[in-house]
Structures are given as structure tokens and as C-alpha cells.
Amino acid sequence: MTDNKTPYAAARTAAEAIRQLNHDTLNVSEMTAPEISSAVRSLAEMIDRLPQTFEQLAHHLEKQQKAGAVRMEDGRDPAEPVGKVLTALREAVAITEPPNRNEWGTPGGPLSLALAEASGWLFNMGAEFGDEETEA
């Protein structure tokens, strides 16, 4: 996945992959419905994994703060800024997590639900028949 196996490197790799996907979908001459379906299903899977990532990042920041290992560049007490980050990360969890955390196959927030809806329809779409193919 990443060369040095750090969470930061994995996040950078994910961001770069989305940038590349944006370029690829902009520059490709056409995409078939099955190709679009595969891409949407993969993106839905990625979105559904984000709540765990956000929660784990919040956990690590809390741990660092409790250990006194967080400092602000301007010298002020980091408690309030850390609190704001934790609130924002937990809001991201709430936006993306499934309504019932025990049902991980269930789509999460609005983005995940929209992708699940698109994926459901796309799954039943095929590409045009080739010259030598028929419906029969």
C-alpha cells in the first residue's frame, strides 16, 4: 500500500489516488456502466471505512494530549484547539458512520447512502453488446 507504512503515508497515498481518479475520469474518452459501477462500489467502500479512521485519529490525538505531547506553535495551551479538532473528527464520524455500528454492511451517512443507491442501479447495468454478442 505505502512504502513506509505510516498512517500519514497511507493518507497521502489515498489523497493522491483520488487526485489520479479525478484526472483519469476527466481524460478518459468513455467509461462503460460496469466500469462506473466498479468505481462507485469502490468509493462507497472507502467512504464506509472512514468513520473508523476518524475515530482512531481522534483517539491518538487524545492520547498525545493526555501525555502532554501536544504543543501550539504560538505557545498557548493546546486544550481548546485539541478539543475543537476532536469535536470536528467526531462530527466526521457521525456524518459517515452507519446508523447502527453493529451493521457494517449498512451504508452510513448521506454520501454513503447516495453511493449505495447509485451502486444498486449500476450493478444491474451492462455495456453495449459487441459486434459478435447478442442478448440471447
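Residues numbered from 1 in each chain as written. Predicted model: local features only at pLDDT ≥ 70, side-chain atom pairs only at ≥ 80, totals over all residues. Heavy atoms only, no water.

Novice: Even after reading the chapter, I still don't get the overall build of the protein, so can you show me in this structure?
Specialist: Counting secondary structure elements, the protein contains 4 helices and 0 strands. Secondary structure elements in the protein, listed N-terminal to C-terminal, are α-α-α-α. Per-residue burial for the protein yields a buried fraction of 18% across its 136 residues. Counting contacts in the protein only where the partners sit at least 6 residues apart, residues at least 24 apart contribute 59% of the total. Surface summary for the protein: the accessible area is close to 10,400 Å², and the carbon and sulfur share equals 56%. (Helix = DSSP H or I, 4+ residues; strand = E, 2+ residues; numbered from the N terminus. Buried < 20%, exposed > 50% of the residue type's maximum accessible area, 1.4 Å probe, protein only. Contact = heavy atoms within 4.5 Å. Areas by Shrake-Rupley, 256 points an atom, 1.4 Å probe, with all protein chains shown as cover.)

Novice: Even after reading the chapter, I still don't get a nonpolar patch on the surface, so can you show me in this structure?
Specialist: A cluster of nonpolar side chains, V28, M31 and I36, forms an exposed patch at the surface whose accessible area comes to about 200 Å². Checked against the element boundaries, V28 lands in the loop between α1 (7–27) and α2 (33–66). (Patch = residues over 30% accessible without salt bridge, like charges linked within 9 Å, V, L, I, M, F, W, Y side chains within 5 Å. Salt bridge = Lys/Arg side-chain N within 4 Å of Asp/Glu carboxyl O.)

Novice: Looking at this model, I keep getting lost on the nonpolar core. Mind explaining?
Specialist: Looking at soluble globular proteins, one finds that nonpolar side chains tend to be buried together. Within the largest apolar cluster, 5 residues are counted, these being V40, A44, I47, L115 and L122. Put simply, the parts of the chain that give this core at least two residues each are α2 and α4 (110–122). If one sorts the elements of this core by residue count, α2 sits on top with 3 residues. Apart from residues lying up to four places away in sequence, L115 is in contact with V40, L43, A44 and I47. (Core = buried A, V, L, I, M, F, W, Y, C linked by side-chain atoms within 4.5 Å.)

Novice: I tried to follow the packing of α2 against helix α3 (residues 79–96) on my own but got confused; where do I start?
Specialist: The description of two helices packed together rests on the angle between their axes and the distance between the axes. Viewed as axis vectors pointing N to C, α2 and α3 meet at an angle of 160°, and their least axial separation amounts to 8 Å. It follows that α2 is roughly antiparallel to α3 by the angle criterion. Considering the relative orientation of α2 and α3, their crossing is left-handed. Note on element contacts: α3 touches α2 through A79, V82, V85, L86, L89, R90, A92, V93 and T96, opposite I47, L50, P51, F54, E55, L57, A58, H59, L61, E62 and Q65. Its residues placed into classes, the contact of α2 with α3 shows 14 nonpolar, 3 polar and 3 charged. (Axes fitted to C-alpha atoms, helices over the stretch in contact; angles between N-to-C directions. Parallel < 35°, antiparallel > 145°, perpendicular 65-115°, else oblique. Left-handed = near helix turned anticlockwise from the far one by under 90°. Nonpolar A, V, L, I, M, F, W, Y, C, P; charged D, E, K, R; others polar.)

Novice: Please explain the side chain of T96 as it appears in this structure.
Specialist: Among the structural elements, T96 can be located in helix α3. A relative accessible area of 12% means that T96 is categorised as buried. A polar atom in the side chain of T96 sits 2.8 Å from the backbone oxygen of A92. (Polar contact = N/O pair within 3.5 Å; in protein donor to acceptor, adjacent residues only side chain to side chain.)

Novice: Which parts of the structure should I look at to understand the side chain of S37?
Specialist: Mapping S37 onto the fold places it in helix α2. A polar atom in the side chain of S37 sits 2.6 Å from the side chain of R41. If we skip the residues at most four places from it in the chain, S37 touches L122 and F123.

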